[in-house]
Amino acid sequence: MDTFNPETKSVSRKDAEAALKLLQDWAAEATVTEVAELHPSVARLLPGQEVANYPALARAYPEEFTVDEAYKASLPDLQNGPESLIKGAKRNIQHVGISNFRLPIRFHRRDGSDITLEASITGTVSLEAGRKGINMSRIMRTFYTHSKKTFSFDVIQDALADYKTDHDTFDARIQMRFSFPVEVTSLRSGLAGYQYYDVALELTETAGEKKRIIHLDYVYSSTCPCSLELSEHARQVRGQLATPHSQRSVARVSAVMGPSEDRLWFEDLIDICRKAVPTETQVMVKREDEQAFAELNAANPIFVEDAARLFAEGMQNETRVEDFRVIASHQESLHSHDAVSVLTEGDTFLSESIDPKLFSTLFHVG
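As the structure is a prediction and not an experimental result, all values here were calculated from the model.

Rules and cut-offs
Residue numbers run consecutively from 1 along every chain, following the written order of its sequence. With pLDDT at 70 or above as the cut-off, local features in this predicted model cover only qualifying residues; side-chain atom pairs require 80 or more to be listed or tallied, and sums for whole chains, interfaces and linings still use all residues. The side-chain figures draw on all heavy atoms in the structure; neither hydrogens nor water molecules are used. Comment: elements are numbered from the N terminus, with helices defined as DSSP H or I runs of at least four residues and strands as E runs of at least two. Throughout, exposure labels follow a simple rule: accessible area from a 1.4 Å probe, protein chains only, divided by the maximum for the residue type, with under 20% read as buried, over 50% as exposed, and the rest as partly exposed. We call two residues contacting when some pair of their heavy atoms lies within 4.5 Å. Only buried Ala, Val, Leu, Ile, Met, Phe, Trp, Tyr and Cys residues count toward a nonpolar core, and they belong to the same one when joined by side-chain atoms within 4.5 Å. Within 6.5 Å between ring centres, the rings of Phe, Tyr and Trp (the latter by its six-membered ring) count as paired, and their orientation is classed by plane angle as stacked under 30 degrees, edge-to-face over 60, tilted in between. Should the NZ of a Lys or the CZ of an Arg lie within 6 Å of a ring centre and within 35 degrees of the ring normal, that charge is described as sitting over the ring. Residues form patches when they are more than 30% accessible in relative terms and have no salt bridge. Like charges link within 9 Å. Nonpolar side chains (Val, Leu, Ile, Met, Phe, Trp, Tyr) link within 5 Å. Using a 1.4 Å probe, the Shrake-Rupley method yields the accessible areas, and only the shown protein chains count as cover for residues. When a carboxyl oxygen of Asp or Glu is within 4 Å of a side-chain nitrogen of Lys or Arg, the pair counts as a salt bridge. Strands are labelled as partners when DSSP assigns at least two bridges between them. Whenever a helix is involved, its axis is fitted only over the stretch in contact; in every case the axis is a line through C-alpha atoms, and angles between N-to-C directions fall within 0 to 180 degrees. For classification purposes, angles smaller than 35 degrees are called roughly parallel, those larger than 145 roughly antiparallel, those between 65 and 115 roughly perpendicular, and all remaining angles oblique. Handedness of a crossing is defined here by the sense of rotation of the near helix relative to the far one, left-handed for an anticlockwise turn of less than a right angle and right-handed for a clockwise turn.

K.L.:
Before we move on, can you summarise the overall build of the protein chain with the specific residues and values?
P.N.:
Check the secondary structure of the protein chain and you find nine helices and nine strands. Evaluated residue by residue, the protein chain yields a buried proportion of 38% over its 366 residues. Residue pairs in contact within the protein chain that sit at least 24 positions apart in sequence constitute 64% of those at least 6 positions apart.

See below:
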């Protein structure tokens, strides 16, 4: 069939050829704008312009292709482009980098042994107002060169110095987060199990001043002193059985090490917390341990204000610690809200503003 059939609505090749000729004749006389307004693909119908706006690209992955120095030099690098490419306000950026890249890292224990833990790394540098950006991958590559060492603040400081050199920057920061296991013994049965502590090591350099910071989350039980007294009143005055409310609670203790101090062990910081608030949640428990824990809570009832001050007292008595911060959250079993407190010492953690989600991060998932 050579012509358009209105019953079958089919178009013959002859019809298509006529339509193509008509479009080509029109496009040859029309302006570029007119062609684009009708449809950009019409331009490709003109003789000699079939691939003018769409190059013929290879679709198979080039297995044999190798990169030489000349080719690498030809690659575009927008992050290190000219100042004219900057978008938005031309301002210094205090922190830019990568967060949550993971590596197995080896740490020393206080008893002299080593342990390898999965660590989540955040690395940032400052960026001057006249620079477009940084090469993010350099931060990872720099850290990988140090990742086989047993980590200490000295090793982190070496990595930080490399950051600054690689990025030609004035400030830098590294933070490592991990879960640190410590074997603990139950209160009376003698059973032992592993307690896991969320720890973060942070090294910052701002205006040439370095600070070494350890953050530790300590999970404990808090028995409300008011509820305890009211329960005892009901027992004594009315012969009514009553129980005080207590709840799982979390304190985040952050310590800045003195510049001359060699080491503050993770276990040292845990011991400070245990001495301040001994009602740490338990791992292995038999009936005698559960009873002992109830007695321990009754002997140490605390409001959230008490907890902050007790932890602070322990930090004040540690000569290796300069500035510190204590954030406590008692996740109430009486109320549908939490009781919280923040206590700081020194300028490092002093702030008038609170991160809107700060307290929601003090939640132990078990």
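Back to the text.
K.L.:
Could you give me a rundown of the nonpolar core, with the residues and numbers involved?
P.N.:
Membership of the largest hydrophobic core comes to 60 residues, with the highest contact counts inside it found for Phe107, Phe143, Met176, Phe178, Tyr220, Leu269 and Phe311. Leaving out residues up to four positions away in the same chain, Leu269 has contacts with Ile214, Leu216, Val253, Ala255, Leu264 and Met315.

K.L.:
Which residues make up the packing of aromatic side chains, and what values do they have?
P.N.:
Here the distance between the centres and the angle between the planes together describe a pair of aromatic rings. Evaluation of the coordinates by the stated rule reveals nine aromatic pairs. Here the aromatic rings of Tyr220 and Phe311 are separated by 5.6 Å at their centres, their planes lie at 65°, and the arrangement is edge-to-face. Within this pair, whereas Tyr220 is found in strand β6 (residues 209–223), its partner Phe311 is found in helix α9 (residues 304–316), the two being separated by 91 residues in sequence. Take Phe311: its relative accessible area is 1%, and that puts it in the buried class. Each member of the aromatic cluster is reached from another via a ring pair, and the members are Phe107, Phe178, Phe180 and Phe266. Positioned above the aromatic ring of Trp265 is the side chain of Arg263, whose terminal nitrogen or guanidinium carbon lies 4.7 Å from the ring centre.

K.L.:
Any chance you could break down the environment of Phe293 for me, citing the residues and the numbers?
P.N.:
In this structure, Phe293 sits in helix α8 (residues 287–299). On the basis of relative accessibility, which here comes to 19%, the residue Phe293 falls in the buried class. Remark: the alpha-carbon pair of Phe293 and Ser113, spanning 180 residues in sequence, is separated by 31 Å. Leave out the neighbours within four places in its chain, and Phe293 touches Leu187, Ser221, Thr279, Glu280, Thr281 and Gln282.

K.L.:
Account for the environment of Glu232, naming residues and giving values.
P.N.:
Within the secondary structure, Glu232 is located in helix α6 (residues 225–238). Each C-alpha atom, one on Glu232 and one on Thr319, is 41 Å from the other, the two residues being 87 residues apart in sequence.

K.L.:
Give a description of a nonpolar patch on the surface that names residues and reports values.
P.N.:
Together, Leu20, Leu23, Trp26, Leu38 and Leu45 give the surface a local cluster of nonpolar side chains, amounting to about 400 Å² of exposed area. For the nonpolar patch, the element with the highest residue contribution is helix α1 (residues 13–29), accounting for three residues. Among the secondary structure elements, Leu38 is positioned in helix α2 (residues 32–38).

K.L.:
Describe the sheet that holds strand β9 (residues 339–345), and please don't skip the residues or the numbers.
P.N.:
With mixed pairing, nine strands are arranged side by side in an open sheet as β3-β1-β2-β4-β5-β6-β7-β8-β9. The sheet is open, and its two edges are formed by β3 (150–151) and β9, each paired on a single side. The sheet contacts of helix α5 (residues 153–167) involve β2 (114–127), β3, β4 (172–185), β5 (192–206), β6 and β7 (246–257), and relative to β5 the element is tilted by about 40°.

K.L.:
Outline the pairing of β4, supporting the account with residue identities and numerical values.
P.N.:
As judged from the six bridges shared by β2 and β4, these two strands associate in the antiparallel manner. Of the residues in β4, the one forming a bridge with Thr124 is Arg173. Both β4 and β5 contribute to a ladder of 14 bridges, which runs antiparallel. Residue pairing for β5: Arg177 is matched across the bridge by Ala200.

K.L.:
Describe the packing of helix α7 (residues 266–276) against α9, naming the residues involved and giving the relevant values.
P.N.:
Axis separation between α7 and α9 bottoms out at 9 Å; the angle between their running directions is 135°. In this view, α7 runs oblique relative to α9, as classed from their interaxial angle. Our pair here, α7 against α9, has a crossing hand that is right-handed. Residues Leu269, Ile272, Cys273 and Ala276 of α7 pack against Leu310, Phe311, Gly314 and Met315 of α9.

K.L.:
Describe the pattern of salt bridges, listing the residues and the values that go with them.
P.N.:
Applying the stated criterion to the full structure yields 17 salt bridges. In this structure, Arg13 and Glu17 form a salt bridge, with 3.1 Å as the shortest nitrogen-oxygen distance. Separated by four residues within a single helix, Arg13 and Glu17 lie in helix α1, roughly one turn from each other. With relative accessibility at 67%, the residue Arg13 sits in the exposed group. Under the relative-accessibility criterion, Glu17 is labelled partly exposed at 44%. One salt bridge connects Arg274 with Asp271, and the closest N-O pair in it is separated by 4.0 Å. Here Arg274 pairs with Asp271, and both are found in helix α7, just three residues apart, close to one helical turn.

Keep in mind that these numbers describe shape and distance, not what the molecule does.
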